[in-house]
Amino acid sequence: MRLVANKGTSFQGSNVLGKGFILTPQQAEDLIQRDPRNKDVLFPYLNGEDLNSRPDCSASRWVINFHDWNEERARSYPDVFAIVERDVKPERLKNNNRQRRETWWRFTRPAVDLYHAISNLDRVLVVRPPRNP
């Protein structure tokens, strides 16, 4: 049951829906070395498996996130954009969902409210819901 008191402080994470957004730590580091501006769109990607299997709860992967940007702004990160264009765009253009076809360089549900709510915080709590039996 949802708690009214948690409105604006409790969120589901981003729903990426596209393996082409996911990078290894080495790929992310290479892209940042190539152009330090790429830090604007490359982030550690923490999931439930990391929470349950890594003692320090660190992210084992990275993700490309063009936020809610338009295509022109996303293209201003050419090395990163090329990866999404190659690995995400072909699948998204076949998708029945108009939003996924038209904004293929972005997550399906980017959790913008979540990002805004945590932008000035030093720490957040993360909970993985139990698996259904």
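Residues numbered from 1 in each chain as written. Predicted model: local features only at pLDDT ≥ 70, side-chain atom pairs only at ≥ 80, totals over all residues. Heavy atoms only, no water.

Okay, helix α4 (residues 78-87) next. In an α-helix, one turn spans 3.6 residues; hence positions three or four apart end up facing the same way. All buried positions along α4 are accounted for by Val80, Phe81, Ile83 and Val84. End-on, the buried residues of α4 take up no more than an arc of 155°, which puts them together on one face. Seen from the buried face of α4, the exposed residues on the opposite side, beyond 90 degrees, are Pro78 and Arg86. Where the residues of α4 are buried, they touch β1 (22-23), α1 (25-34), β2 (42-45), β3 (61-64), α3 (71-75) and α5 (89-92). (Buried < 20%, exposed > 50% of the residue type's maximum accessible area, 1.4 Å probe, protein only. Helix = DSSP H or I, 4+ residues; strand = E, 2+ residues; numbered from the N terminus. Arc of directions from axis to C-beta. Contact = heavy atoms within 4.5 Å.)

Taken as a whole, this structure holds 6 aromatic pairs when the rule is applied. Each ring, one from Phe66 and one from Phe81, has its centre 5.9 Å from the other, and the planes form 55°; the classification is tilted. Note that Phe66 is positioned in the loop between β3 and α3 and Phe81 in helix α4, a separation of 15 residues in sequence. Across the pair, Phe81 and Phe66 agree in class, each one buried. Ring geometry for Phe81 against Trp104: centres 5.3 Å apart, planes inclined by 55°, an arrangement best described as tilted. (Phe/Tyr/Trp six-rings, centres within 6.5 Å; stacked < 30°, edge-to-face > 60°.)

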